[in-house]
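Residues per chain, in single letters:
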Amino acid sequence: MKNYLDDTKSIPERVEDALSRMTVEEKVGMIHAQSKFSSAGVPRLGIPEIWTSDGPHGVRPEVLWDEWSQAGWTNDSCFAFPALTCLAASWDKNLSLLYGISLGEEARYRNKNVLLGPGVNIYRTPLNGRNFEYMGEDPYLSSKMVVPYIKGVQSNGVAACVKHFALNNQEVDRDKVNVNVDDRTLYEIYLPAFKAAVMEGGTWAIMGSYNLYKNEQCCHNQYLLNDILRKEWGFEGVVISDWGGAHNTLQSITNGLDMEFGTWAPGMAWGKTNNYDNYYLAKPYLAMIKSGEAGTKELDEKVRRILRLEFLTAMAKNKPFGAMVSEDHIAAGHKIATDGIVLLQNKYNVLPIDLSKAKKIAVIGENAVKMMTVGGGSSSLKAKYEISPLDGLKKRAGTQTEIVYARGYVGDASSTADGYSTGQDLKETRSADELLTEAVNLAKGADYVIFVGGLNKSEHQDSEGADRLGLELPYNQDKLISELAKVNKNLVVVNISGNAVAMPWVNEVPAIIQGWFLGSEAGNAIAAVLAGDVNPSGKLPFTFPVKLNDNGAHALGEYPGSNGQVTYNEGIFVGYRWTDKQKIKPLFSFGHGLSYTTFEYGKVTADKKEMNDADKITFTVTIKNTGTREGSEIVQLYISDLKSSLPRPVKELKGFEKVNLKAGEEKVVSITVDKAALSFFDADKHNWVAEAGDFEALIGASSADVRSKVGFKLK
Ligand code: GLC
């Protein structure tokens, strides 16, 4: 009886039965890639191959067996979901579940067993090229938002593969930089989202990162993979290397790597094609076993985890069938986009635009037309469609308002990635001055000007493989924005980016929207918010510093490091933790986001004055919509430890609730925490510690906008 095929048997039973039938060659065949995105099964036993695919916000188009270039399939155009900074900015756990379910359905329909996402690396510097793929600067927000996404993806019988574990917070020298960080910072800032992914999200896979920690590659790292991931967190899933992230056979055997993926040659070297048998965990490992230099204990452990993954995914009989670009996915993508958009500034209520009154709107900027789903590295997509901001506005305005357009500047005129082209022809022959003059003249005669600029997915912008070169907007956009502000007071700037940018013109521009990379529904979502069909409710998942040195990593000078070393001197003081400590006023703070209505907060109360270790404590506050239209507000709870034996941040996010209120409606919001919310990580004790003493709970509309606070004691 082939028990491994009997899904009435328990997974451990099926694993042991399958393992006992496999030869050592078949076992070694399972632990490394056979093609760009797949690993071998066991044909003789009817155990399927494992097929993986990028990425965090859409299923990547098929590539050739052993090439990054497109395979040219005609059935692999996906729905492009908003990038994860947008999801994080929604602060909506239900939306995160919807996101995971929807994206998991797309991956399932494409018969993928592992989705290579989500990414939850913490936003240490605004220059990191891949911040757009992640969930911001705060470990608590990232932890809460990653869990539902994983559950959603995996409800389809597709494994999430949380990445990049760990400390991959820059692209500069990403595959050779050794990150030096103290234990407390590691545990308080850089691990929590991964820990939540494993212990609450139950992720079935995790991806090791390219960089080193304690001078060991993170893809085969005793500390991260064996000591923390498996021993401390009890992870039973599979560790997959980043592509080319394994560099050593012996360490790959003993330091926790289960599946070695890569490209062209083992490690990051570029060798001949179809070199998979020469991967570190392929022939070299088999040779060590045959020679007696290595046993098969670790091999069996790796294969047990992979067989578990098989039974959860490829061999799970009753999994759903998925769907691609369904109405549900379109609606989900649209909702995530509109609810992640952040209204940063809205002086004299320029927004929303009443399209029944606006006769002429001038739309300026390359990002009003440039497709953003292509490019940016491994998260690049072949979207079934992508509505540009200009098209979205034209569609929404209909015939009642004239929409005119000028490019204003030239940014990235290319439109291809991995051989796939958006089909846009963005070539430009006019000079920068001609473009600026045309835009300013167009703006003069319009009722409103909507500037759509920001970054894009090209190198040194929001893209994998390289970091940005500065905080400033590229392509001389600042000058253009200032010139537009001089000729039209109804100027709205829509910043399309996955990163903070400097805004020297912030006091010249009445309205500013953070637009994110919004995917297929981008233009429709932006138009819905600008026209007021949707009341924006997003809040920033990371700080916008005024200048680069207002960020801890840059102020203390360890970015991007040198000679293969980078030291996180700022320690736990990342993001608002740094600006609070240094009393720096950010341009826009973590948790900031406005609405077209107004909210009034009552006085927060606690259900007890004193709590002991085993207690929970509940904070309650009323919130009222004092404006004229329905809206949602994200009530944030920060905890402040008034006296501690170690330096602590002024406050830390430990709770949030998104509430929807009709005009005039009032609700009571309660947030309950336990001593974990009061604790810091004591590296000497190697444990979390909550010290008795005085604390404060602060209720805020952002990290810089505390509306009320209440003191309490931990006995
Ligand atoms: C890339 C990325 C990783 C991606 C993988 C496969 O280098 O670092 O996020 O999933 O390789 O494309």
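Here is what the cut-offs are and how they apply
Residues numbered from 1 in each chain as written. Predicted model: local features only at pLDDT ≥ 70, side-chain atom pairs only at ≥ 80, totals over all residues. Heavy atoms only, no water. Pairing = 2+ DSSP bridges. Helix = DSSP H or I, 4+ residues; strand = E, 2+ residues; numbered from the N terminus. Axes fitted to C-alpha atoms, helices over the stretch in contact; angles between N-to-C directions. Near = heavy atom within 4 Å. Polar contact = N/O pair within 3.5 Å; in protein donor to acceptor, adjacent residues only side chain to side chain. Areas by Shrake-Rupley, 256 points an atom, 1.4 Å probe, with all protein chains shown as cover. Nonpolar A, V, L, I, M, F, W, Y, C, P; charged D, E, K, R; others polar. Domains from an automatic or database assignment. Contact = heavy atoms within 4.5 Å. Buried area = accessible area lost by both parts, 1.4 Å probe. Core = buried A, V, L, I, M, F, W, Y, C linked by side-chain atoms within 4.5 Å. Buried < 20%, exposed > 50% of the residue type's maximum accessible area, 1.4 Å probe, protein only.

1. Focus: the sheet that holds strand E12 (residues 402–406)
Taken in spatial order, the six strands of this open sheet run E10-E17-E16-E15-E11-E12, and their pairing is mixed. Where the open sheet ends on each side, the last strands, each with one partner, are strand E10 (342–346) and E12. Between one strand and the next, the sheet's axes are offset by a mean angle of 20 degrees, whatever the strand orientation. Note that strand E16 (residues 491–496) and strand E17 (residues 511–514) share four bridges and pair parallel. Counted as the bridge partner of Asn 495 is Gln 514 from E17.

2. Considerations on the site of the ligand
Every one of the 14 residues lining the ligand counts as a neighbour, but Asp 54, Arg 130, His 164, Tyr 210 and Asp 242 are closest to it. Arg 60 places a side-chain nitrogen or oxygen 3.4 Å from an oxygen atom of the ligand. Arg 130 has a polar side-chain atom sitting 2.8 Å from an oxygen atom of the ligand. Relative to its unbound accessible area of 310 Å², the ligand is 97% covered by the protein chains. Within the shell around the ligand, the residues separate by chemical class into five nonpolar, two polar and seven charged.

3. So, the domain arrangement of the protein chain
Size of an interface, as often reported, equals the accessible area lost when the parts are brought together. Each assigned domain of the protein chain is listed here: domain 1 (11–58 + 76–312), domain 2 (341–541) and domain 3 (598–714). One C-alpha centre belongs to domain 1, the other to domain 3; they are set 34 Å apart. Tallying the contact residues gives 16 residues for domain 1 and 16 residues for domain 3. For the domain 1 and domain 3 pair, buried surface summed over both sides reaches about 1,400 Å², with 62% attributable to carbon and sulfur atoms.

4. Points about the sheet that holds strand E18 (residues 565–567)
The mixed open sheet is built from four strands, whose spatial order is E8-E7-E5-E18. Each end of this open sheet is capped by a strand with a single partner; those strands are strand E8 (216–217) and E18.

5. Overview of the nonpolar core
One recurring pattern in soluble globular proteins: nonpolar side chains tend to sit buried together. The biggest cluster of nonpolar side chains holds 115 residues, and the ones touching the most others in it are Phe 165 and Leu 307. Taken domain by domain, the makeup of this core includes at least three residues from each of domain 1 (11–58 + 76–312) and domain 3 (598–714). Judged by nonpolar contacts, the second largest core, of 80 residues, contains Ala 89, Leu 471, Ala 502 and Ala 528.

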